[in-house]
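# Commentary on secondary and tertiary structure
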Amino acid sequence: MRKGDVNGQDAQPIFEYLKAQAPTEEYKGLKAKATRTLLKTLSKSVEKDSDILWNFTKFLISKDGETIKRYAPTTEPKDFEKDIEEML
């Protein structure tokens, strides 16, 4: 294991794939939207709307490798429990 880029020309292929499958996440509520604005300002590697803003961005992927959904860094895992149950 080692650190890898998630955005830009040196982005690792897995992150390019995930961003292509789920290009955006939903920010619900004023606090989440304000956090998105802050993260976009702080991140030096964000150039496109599909870029990953922060390392707590989450992707829900099925066992066959299909990306189901992308979640904002501010989304708690308990908030997408229903999505996981539906996928099972």
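Structure: see above.
Just so we're clear, the structure is a prediction, and the values are computed from it rather than from any experiment.

Take the packing of aromatic side chains next. Within this structure, the stated rule accounts for one aromatic pair. A centroid spacing of 4.0 Å and a plane angle of 15° characterise the contact between tyrosine 71 and phenylalanine 80, whose relative ring orientation is stacked. Phenylalanine 80 matches tyrosine 71 in its accessibility class, with the two residues each being buried.

Here we take up the nonpolar core. In terms of nonpolar packing, the biggest core is built from six residues, these being Tyr27, Ala32, Leu39, Val46, Leu53 and Ala72. Sequence-distant contacts of valine 46, defined by excluding residues within four places in its chain, comprise Asn7, Lys40, Asp51, Ile52 and Leu53.

Pairing geometry for strand E1 (residues 58-61) and strand E2 (residues 67-71), over four bridges, is antiparallel. Residue pairing across strands places isoleucine 61 opposite threonine 67, the latter belonging to E2. Following E1, the chain reverses through five residues before pairing antiparallel with E2; glycine 65 in that reversal takes a positive phi of roughly 90°.

Residues Leu38, Leu42, Trp54 and Phe56 make up a contiguous nonpolar surface patch of about 420 Å² in total accessible area. Structurally, phenylalanine 56 can be placed in the loop between helix H2 (30-42) and E1.

Reading the values: the criteria
Residues numbered from 1 in each chain as written. Predicted model: local features only at pLDDT ≥ 70, side-chain atom pairs only at ≥ 80, totals over all residues. Heavy atoms only, no water. Phe/Tyr/Trp six-rings, centres within 6.5 Å; stacked < 30°, edge-to-face > 60°. Buried < 20%, exposed > 50% of the residue type's maximum accessible area, 1.4 Å probe, protein only. Core = buried A, V, L, I, M, F, W, Y, C linked by side-chain atoms within 4.5 Å. Contact = heavy atoms within 4.5 Å. Pairing = 2+ DSSP bridges. Helix = DSSP H or I, 4+ residues; strand = E, 2+ residues; numbered from the N terminus. Patch = residues over 30% accessible without salt bridge, like charges linked within 9 Å, V, L, I, M, F, W, Y side chains within 5 Å. Areas by Shrake-Rupley, 256 points an atom, 1.4 Å probe, with all protein chains shown as cover. Salt bridge = Lys/Arg side-chain N within 4 Å of Asp/Glu carboxyl O.

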